[in-house]
Protein chains: 2
Amino acid sequence: MGSYSTTSSSAQNSPKLVFRQLFEKESSTYTYLLADASHPQKPALLIDPVDKTADRDLALVKELGLKIIYAINTHVHADHVTGSGLIKTKFPGVKSIISKASNAKADLFVEPGDKIYFGDIFLEVRATPGHTLGCVTYVTGDGPNQPQPRMAFTGDALLIRGCGRTDFQGGSSDKLYDSVHSQIFTLPKDTLLYPAHDYKGFTVSTVGEEMLYNPRLSKDKETFKNIMQNLNLSYPKMMDVAVPANMVCGLQETKSEAC
Amino acid sequence: MGSYSTTSSSAQNSPKLVFRQLFEKESSTYTYLLADASHPQKPALLIDPVDKTADRDLALVKELGLKIIYAINTHVHADHVTGSGLIKTKFPGVKSIISKASNAKADLFVEPGDKIYFGDIFLEVRATPGHTLGCVTYVTGDGPNQPQPRMAFTGDALLIRGCGRTDFQGGSSDKLYDSVHSQIFTLPKDTLLYPAHDYKGFTVSTVGEEMLYNPRLSKDKETFKNIMQNLNLSYPKMMDVAVPANMVCGLQETKSEAC
């Protein structure tokens, strides 16, 4: 996809970001709500919504007076079913978004360098494969009217003091190392990092912190690859349900091409 | 206590707040780390630390290059043991703080109107009894060099779309209603609300939102009292361990007067 904008207007106001971090405890997933409150329509998007908490998220959207336009995934999740499909059944105008490289179904497909506009704020798409082939990181824009410090929604590519596993779904520790070092660690050090999961109670980190203290990704590549080869993780219990559902955007019953 | 300041200097820099929200999943407790990064010593405090996650919090304090000076509680918790005592055993210079009205032990006792300085940033103390007799809310200062919007750490007085129970520890639904309406709902509507707990995956709310959408406290007082009288909650499983421990700041073994 190219640059999607909800408006062609030249609003003189600085964009004002509404931001909420939301947690789904069964899969320890973070969903993020972002909106441009300075835009008349208050266009909003959800990053990595979960089916089980979609109603909670939509109630919040309503209470805050926002208009949801996009349901976005960082990748095809293996541990929970995306809320994108459910959200689309309740708000048919909402467009689902995922990377073209994921090979999953969605209304819109993004590629590296694309910009996703909501009001006057945008997310930039960066390819960060390694956990899966199609993983992307969404980063708030670089510009005078964009949120400062920048914010990066890293999915499972980079977790706080950790990272996603690389042993299935086209995973590659070699690729993940390169992705994080070239696409995330090159952002300004004060960039706020918001992962798709946390299991220890952390809510946010920064690029500077992870470069120094990430016990895996602060190491050299060979050490990192060794660590990832010896994690001995069990098979994800939700995988056989979640992956097929998420390949069709969480709507297994849908007959339509886009979901 | 009066106004505690870590410095008498007249730093020309605007204070810069370091802020982290941390979660303890067993009791669904939020701990908050705040520090003044613009001050040479980077003085920091923890609000409502939990014993089980004290090591995590102290590791983060160290990695961020902060100097912890206070371990603060909003009240005597009934559902988990405070981390204050454990933190003090590891960092003997840290002072524990709780309200005078709590009747618990601590190094320093606060009363309504007191200011707790860390660097050039301060928290203002507001009495918000009702969940317990000694509950207080800590609110970031009102001033040109203080964080904007303001932030209120409400303990169990006000939860996101909820509130703490009022059926033990000197609880009173009548008092809680008055506390929230006179001490929290009078703050600017964009004030960010950070509670001691959340059970639904919310991380933050605002005064404006809770005034409109809190299903209990947006009602009139009689309706609120009726709701609180009919919650039929079970006895907290941790209460008989947590309350005695928290009355002495989490250090049951201590022989000293202050803990």
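Note that the coordinates shown come from a computational prediction; the quantities given were computed from them, not determined experimentally.

What counts and how
Residues numbered from 1 in each chain as written. Chains lettered and ligands numbered in written order. Predicted model: local features only at pLDDT ≥ 70, side-chain atom pairs only at ≥ 80, totals over all residues. Heavy atoms only, no water. Pairing = 2+ DSSP bridges. Helix = DSSP H or I, 4+ residues; strand = E, 2+ residues; numbered from the N terminus. Buried < 20%, exposed > 50% of the residue type's maximum accessible area, 1.4 Å probe, protein only. Arc of directions from axis to C-beta. Polar contact = N/O pair within 3.5 Å; in protein donor to acceptor, adjacent residues only side chain to side chain. Phe/Tyr/Trp six-rings, centres within 6.5 Å; stacked < 30°, edge-to-face > 60°. pLDDT = per-residue confidence, 0-100. Contact = heavy atoms within 4.5 Å. Least-squares fit on C-alpha atoms with pLDDT ≥ 70 in both. Salt bridge = Lys/Arg side-chain N within 4 Å of Asp/Glu carboxyl O. Axes fitted to C-alpha atoms, helices over the stretch in contact; angles between N-to-C directions. Parallel < 35°, antiparallel > 145°, perpendicular 65-115°, else oblique. Left-handed = near helix turned anticlockwise from the far one by under 90°. Nonpolar A, V, L, I, M, F, W, Y, C, P; charged D, E, K, R; others polar.

### Looking at the sheet that holds strand β9 (residues 136–140) of chain B
All names here are of chain B.
Phase 1 of the analysis: Read across the sheet, 6 strands follow the order β7-β8-β9-β10-β11-β12 without closing on themselves; strand pairing throughout is mixed. The strands lining the two open edges of the sheet, one partner per strand, are β7 (115–118) and β12 (205–206).
Phase 2 of the analysis: Alignment of strand β8 (residues 121–127) against β9, held across 5 bridges, turns out to be antiparallel. Within the sheet, the bridge partner assigned to Leu 123 lies in β9 and is Thr 140.

### Here we look at helix α5 (residues 221–229) of chain A
Residues and elements named next belong to chain A.
Phase 1 of the analysis: For α5, the complete set of buried residues consists of Phe 224, Lys 225 and Met 228. Summarising the axial view, the buried residues of α5 lie within an arc of 95°, below the 170-degree limit, and thus occupy one face.
Phase 2 of the analysis: For α5, the N-terminal capping position is held by Asp 220, with its side-chain oxygen 3.1 Å away from the main-chain nitrogen of Glu 222.

### Remarks on unusual backbone geometry
Residue and element names in this part refer to chain A.
Phase 1 of the analysis: The omega torsion of the bond from Gln 148 to Pro 149 falls at -5°, within 30 degrees of zero and hence cis.
Phase 2 of the analysis: Tracing the backbone shows Pro 149 in the loop between β9 (136–140) and β10 (151–155).
Phase 3 of the analysis: Positive phi outside glycine occurs at Lys 42, with the angle close to 50°.
Phase 4 of the analysis: Locating Lys 42 in the fold gives a position in the loop between β2 (29–36) and β3 (43–47).
Phase 5 of the analysis: Phi angles above zero are rare outside glycine, and Asn 103 is one such case at about 65°.
Phase 6 of the analysis: When its relative accessible area of 64% is taken as the criterion, Asn 103 is described as exposed.

### What to know about the packing of aromatic side chains
Given two aromatic rings, one states the distance between the centres and the angle between the planes to describe the pair.
All names here are of chain A.
Phase 1 of the analysis: One pass over the full model with this rule turns up 21 aromatic pairs over all chains.
Phase 2 of the analysis: Between Tyr 177 and Phe 224, the aromatic rings sit 5.5 Å apart at their centres with planes inclined by 50°, giving tilted as the arrangement. With Tyr 177 in helix α3 (residues 173–184) and Phe 224 in helix α5, this residue pair connects regions lying 47 residues apart in the sequence. Grouping residues by exposure puts Tyr 177 and Phe 224 together as buried.

### A closer look at the confidence of the model for chain A
All names here are of chain A.
Phase 1 of the analysis: Residues at a pLDDT of 70 or more form 91% of chain A, whose mean pLDDT is 91.
Phase 2 of the analysis: For residues 1–14, every residue scores under 50 in pLDDT, and the model assigns this stretch 31 contacts once sequence neighbours within four places are set aside.
Phase 3 of the analysis: Every residue in residues 254–259 is under pLDDT 50, and counting partners more than four places away or in other chains gives 12 contacts.

### What about the relation of the copies chain B and chain A?
Phase 1 of the analysis: With an RMSD of 0.0 Å, the fit of chain B onto chain A corresponds to turning through 180° and sliding 0.0 Å along the axis. The transformation relating the two chain copies, once decomposed into turn and shift, fits a two-fold axis.
Phase 2 of the analysis: The overlap is high: 100% of the interface residues of chain B also sit at the interface in chain A, so the same surface is used on both sides.

### A closer look at the pairing of β8 of chain B
All names here are of chain B.
Phase 1 of the analysis: With 6 of its 7 residues buried, β8 lies for the most part within the structure.
Phase 2 of the analysis: The pairing of β7 with β8 spans 4 bridges and is antiparallel. Of the residues in β8, the one forming a bridge with Tyr 117 is Phe 122.
Phase 3 of the analysis: Connecting β7 to the next strand, β8, in antiparallel fashion are 2 residues, including Gly 119 with a positive phi near 65°.

### Quick notes on the pattern of salt bridges
Phase 1 of the analysis: By the definition in use, this model includes 30 salt bridges over all chains.
Phase 2 of the analysis: One salt bridge in this structure joins Lys 225 of chain A and Asp 174 of chain A, with 3.1 Å as the shortest N-O distance. Here Lys 225 of chain A, found in helix α5, pairs with Asp 174 of chain A, found in helix α3; they are 51 residues apart in sequence, far enough to count as distant.
Phase 3 of the analysis: Asp 174 of chain A gets classed as partly exposed once you look at its relative accessible area, which sits at 29%.
Phase 4 of the analysis: Each member of the salt-bridge network shares a partner with another, and the members are Arg 20 and Glu 63 of chain A together with Arg 161, Glu 209 and Glu 210 of chain B.

### Notes on the packing of α3 of chain A against α5 of chain A
Residues and elements named next belong to chain A.
Phase 1 of the analysis: At their nearest, the axes of α3 and α5 sit 9 Å apart, and the two run at 130° to each other. By the angle between their axes, α3 is oblique relative to α5. Between α3 and α5 lies a crossing whose hand is right-handed. Here Ser 173, Asp 174, Leu 176, Tyr 177 and Asp 178 of α3 lie close against α5, whose contacting residues are Lys 221, Phe 224, Lys 225 and Met 228.
Phase 2 of the analysis: Partitioning the contact of α3 with α5 into residue classes produces 4 nonpolar, 1 polar and 4 charged.

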